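Overview (structure and organization)
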Amino acid sequence: MRSWFSRGRRAQDVKQCTGEACDECTRCWVRAEVAFGCSIKRVHVAPIMLQSEVRLEGEISMSLAFNSSSDGGEVSDDNLQAVLKLVKHQRLIMDAKANGPSTNAGRVMDGPTNPMVTPLLTDLYQFTMAYAYWKAGKHTDRAVFDLYFRKNPFGGEFTVFAGLEECIKLIANFKLSEEEISFICESLPGSCEEGFVNYLRNIDCSDVEVYAISEGTVVFPKVPLLRVEGPVAVVQLLETPVLNLVNFASLVATNAARHRLVAGKSKMLLEFGLRRAQGPDGAISASKYCYIGGFDATSNVAAGRLFGIPLRGTHSHAFVSSFMSPDEILERSLRSSDGLSTCEDFVNLVQSWLSKIQWSKSLSGIFGETNQSELAAFMSYALAFPNNFLALVDTYDVMRSGVPNFCAVALALNDLGYKAVGIRLDSGDLAYLSGEARKIFHTIEKEFGLPGFGKTSITASNDLNEETLDALNKQGHEVDCYGIGTYLVTCYAQAALGCVFKLVEINNQPRIKLSEDVSKVSIPCKKRCYRLYGREGYSLVDILTGESEPCPKMGERILCRHPFNESKRAYVVPQRVEELLKCYWPGKSGKVREELPALKDIRDHCIKQLEQMRPDHIRRLNPTPYKVSVSAKLYDFIHFLWLNEAPVGELQ
């Protein structure tokens, strides 16, 4: 489609909004009537919740171009600005109406990061159920669903909850277009009644409430990560996309957190998984949620731009092997870091330092002739990035060529006031090579009187995973930074988290899902969730209570029971009580909506959460299971409902 600007169209009239709370306003769409000659066109302008006026103008332009492509009338800049003014006016109406009182009043919420996340990103049976609910007159029944998982991933005993922000963005922008509605009706078995089509046109999440645990929190099986309340048909339509947004996000964040725990606080972790991830969305999502889980930076430029994640990266083996000799370097001058002087022949300076290293007393006999094409590549990169020189040293031979070539360039940079960053090892025995490289750095520091050179950073990559990091720790190593990709972003050790979305109440009537497998029995009714902390500051147990039950109090003894095993119970005297579920989308309840924190704040929260966990719960091998309990009252109700709903067998 050609853009409107290239077509030079002009609208003859744009009707202004009256400011009434019309049906179109409540549907979060602005519809302008534009007259083209003797015909009237209805122009769908972009959804109100847009990122910027620049994008807004582009969306309107494309809409006008699409709707006017068969007409000869032109759209003027004046009328385009009229539509923009109309949209701004409608924004004020929507902001005033949005979800009752809120600290976010006036804020426009963007849509999900991935534009493919729409109401159609769901399973067909969600729409078949919606039609059946509508036919039965049950579509407005008030339902409560819990989203939770049944087992921690990777053989561990904790999970990091992630994906909440994307869920709220989906809910804030949940609206079906005419084209989507047509496709749904064509896809459903049989034919749809016009009444259902009209129902779909008016569906949004204005009457939905979402309560969730804060993103980045350490969570455990059976505890609701999200509680979604609203008309049953609407909430069912949210099931699949919400599960999709939470499952992978939480799995990757947990995988990243496990790598962080094994690596330790002092090591830098870089996510290098873009090229091995499962498609573009897998890569972007992985970069975001690895950062939440404790990684420091990513190589993914798109993720850096979208989320503000720090970027890291230098060069590959191809860059090193592309050089043949130092003669290829044409521009050889380099200005000193303070700008007061210039080295006219940096190549010659490097060569002189290489000679000094090779003939030094402390390193005599260790280094021979190095690969000159590799040296040329290092010099070329240093000339381009004198403040960020980090060399990949394993293209030819780490100890005989890569390390001495790096040291020569680093020492030449030091003469000009620059400090080299370090080296990267991408193959070989990482424990041994990092140790030998560290010895060389210390020797050079002592030999040439260069304070701090012995602490030059060593980065390791090459298909690292949790097991590799653990093995390196046991062997002893000198690695400061890890670049981790494939096993991290693909979650190679576990395919999926396995979150589920279960009905726990409808029209104020608690519901339970039974199974011969006790782990699949749901915990009924609308619940409140608390985390109880002990004297040492560690969390002791999570407890679920009925919504109307009193909150556990600090210093007061409370009985915590296993949901299904009557013999497992304990009294707890909490020193601190934290309520886990907070309101992130209030619907028409009038409750104050929680702010969605910045990504950096979510990461900090995750790290703090891990510090508050008892070490035996988060250790890599044989971790102690964390206790998730229910109150005595909720325990009795679960088993009463279980007996009431389970059919009684009969023996003949």
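Since the model is a prediction, treat every value here as computed from it, not as a measurement.

What counts, and at which threshold
- Residues numbered from 1 in each chain as written.
- Predicted model: local features only at pLDDT ≥ 70, side-chain atom pairs only at ≥ 80, totals over all residues.
- Heavy atoms only, no water.
- Core = buried A, V, L, I, M, F, W, Y, C linked by side-chain atoms within 4.5 Å.
- Buried < 20%, exposed > 50% of the residue type's maximum accessible area, 1.4 Å probe, protein only.
- Helix = DSSP H or I, 4+ residues; strand = E, 2+ residues; numbered from the N terminus.
- Contact = heavy atoms within 4.5 Å.
- Polar contact = N/O pair within 3.5 Å; in protein donor to acceptor, adjacent residues only side chain to side chain.
- Pairing = 2+ DSSP bridges.
- Axes fitted to C-alpha atoms, helices over the stretch in contact; angles between N-to-C directions.
- 1 Å grid on protein atoms, 1.4 Å probe; cavity = no way out; pocket = protein on both sides within 12 Å on 5 of 7 lines; lining within 4 Å.
- Points joined across faces, edges and corners; volume = space filled by probe spheres on them.
- Nonpolar A, V, L, I, M, F, W, Y, C, P; charged D, E, K, R; others polar.
- Salt bridge = Lys/Arg side-chain N within 4 Å of Asp/Glu carboxyl O.
- Left-handed = near helix turned anticlockwise from the far one by under 90°.
- Phe/Tyr/Trp six-rings, centres within 6.5 Å; stacked < 30°, edge-to-face > 60°.
- Lys NZ or Arg CZ within 6 Å of the ring centre and 35° of its normal.
- Expected span 1.5 Å × (residues − 1).
- Arc of directions from axis to C-beta.

Some thoughts on the nonpolar core
Counting 168 residues, the largest nonpolar core has Leu225, Leu226, Phe346, Phe389, Phe406, Val409 and Tyr482 as its most contacted members. Here the element with the most residues in this core is helix H9 (residues 232-263); it accounts for 18 residues. With residues up to four places along the chain from it excluded, the contact list for Leu225 reads Leu147, Tyr148, Phe149, Phe161, Tyr211, Ala212, Ile213, Val219, Val246, Cys499 and Leu581. Counting seven residues, the second largest nonpolar core, distinct from the first, contains Tyr530, Val541, Ile543 and Ile558.

Things to note about the environment of Lys222
Note that Lys222 resides in the loop between strand S6 (218-219) and strand S7 (226-231). Here the alpha-carbon distance between Lys222 and Lys520, two residues 298 residues apart in the chain, equals 9.6 Å. Separated by 2.6 Å, the side chain of Lys222 and the backbone oxygen of Val521 make a polar contact.

Here's the deal with the sheet that holds strand S5 (residues 209-212)
The six strands are arranged S17-S16-S3-S7-S5-S23 in an open sheet whose pairing can be described as antiparallel. In this open sheet, the two edge strands, each paired with only one partner strand, are strand S17 (509-510) and strand S23 (582-585). Inspection of the sheet shows strand S16 (residues 499-506) paired to S17 by two bridges, in the antiparallel sense. Paired with Ile506 across the strands is Gln509, a residue of S17. Against the sheet, helix H6 (residues 164-172) engages S5, S7 and S23, with an angle of about 45° to S23. Along the sheet face, H9 touches strand S3 (142-149), S7 and S16 and points at about 155° away from the line of S7.

Topic: empty space enclosed by the protein
Counted according to the given criterion, the structure contains one cavity of 30 Å³ or more. The computed volume of the largest cavity comes to approximately 40 Å³. In terms of lining residues, the largest cavity is bounded by Ile213, Ser214, Thr217, Glu578, Glu579, Leu580, Lys582 and His605. Along the lines of polarity and charge, the residues of the lining of the largest cavity split into two nonpolar, three polar and three charged.

Here we look at the pattern of salt bridges
Here the structure, examined in full by the defined rule, presents 32 salt bridges. Close ionic contact of Glu193 with Lys135 constitutes a salt bridge, the shortest N to O distance being 2.6 Å. Here Glu193 is found in the loop between helix H7 (178-187) and helix H8 (194-201), whereas its partner Lys135 is found in helix H5 (residues 124-136), with 58 residues between them in sequence. Residue Glu193 is classed as partly exposed on the basis of its relative accessible area, which comes to 36%. With a closest N to O distance of 3.6 Å, Arg424 and Asp426 form a salt bridge. What makes Arg424 buried here is its relative accessible area of 14%. Taken together, the salt bridges that share partners define one network made up of Arg258, Glu466, Glu467, Asp470, Lys474 and Arg620.

Comments concerning the sheet that holds strand S8 (residues 268-271)
Read from one edge of the open sheet, six strands run S9-S8-S15-S14-S13-S12, paired in parallel fashion. In the strand order of this sheet, the two ends are held by strand S9 (297-298) and strand S12 (390-392), each with one partner. Strand direction decides the pairing type here: S8 and strand S15 (residues 481-484), joined by four bridges, are parallel. Residue pairing across strands places Glu271 opposite Ile484, the latter belonging to S15.

Side note on the packing of helix H15 (residues 398-415) against helix H16 (residues 430-448)
Relative to each other, H15 and H16 sit at 35°, their axes nearing to 11 Å. Both H15 and H16 take part in a crossing whose hand is right-handed. Across the interface between the two elements, Val398, Met399, Val403, Phe406, Cys407 and Leu411 of H15 pack against Leu433, Glu436, Ala437, Ile440, Phe441 and Ile444 of H16. Here the contact of H15 with H16 is built from residues that sort into eleven nonpolar, no polar and one charged.

As for the packing of aromatic side chains
Taken as a whole, this structure holds 17 aromatic pairs when the rule is applied. An angle of 40° between the planes, with centres 5.0 Å apart, marks the rings of Tyr381 and Phe385 as tilted. Residue classification places Phe385 among the partly exposed residues on the basis of a relative accessible area of 41%. Their ring planes at 15° and their centres at 5.6 Å tell us that Phe389 and Phe406 sit as a pair that is stacked. Pair noted here: Phe389 is in the loop between helix H14 (372-384) and S12 and Phe406 is in helix H15, with a separation of 17 residues, a long-range link. Against the face of Trp353 rests Lys356, its NZ or CZ located 4.3 Å from the ring centre. In this arrangement the basic side chain of Arg561 is found over the ring face of Tyr635, its NZ or CZ atom lying 3.8 Å from the centre.

What to know about the pairing of strand S24 (residues 627-631)
Among the five residues of S24, four are classified as buried, and the element is accordingly described as predominantly covered. Of the strand pairs in this sheet, strand S19 (residues 539-546) and S24 are connected by four bridges, and their pairing is parallel. Bridge pairing in S24 links Leu544 to Val630. Note: strand S20 (residues 558-561) against S24, two bridges, orientation antiparallel. Each bridged residue has a counterpart across the sheet, and for Cys560 the counterpart in S24 is Ser631.

Some points on helix H19 (residues 599-611)
Its 13 residues place the ends of H19 19 Å apart at the C-alpha level, agreeing with the 18 Å of an ideal helix rising 1.5 Å per residue. Inspection of H19 places Leu599, Ile602, Arg603, Cys606, Gln609 and Leu610 among the buried residues, and these make up the whole buried set. Burial along H19 is one-sided: seen end-on, the buried residues are contained in an arc of 125°.

Comments concerning the environment of Gly304
Examined against the element boundaries, Gly304 turns out to sit in helix H11 (residues 301-307). Relative accessible area serves as the criterion here: at 12%, Gly304 is assigned to the buried category. When the C-alpha positions of Gly304 and Ser287 are compared, they lie 8.5 Å apart, and in sequence the two are 17 residues distant. Apart from the residues within four sequence positions on either side, Gly304 is in contact with Ile309 and Leu311.

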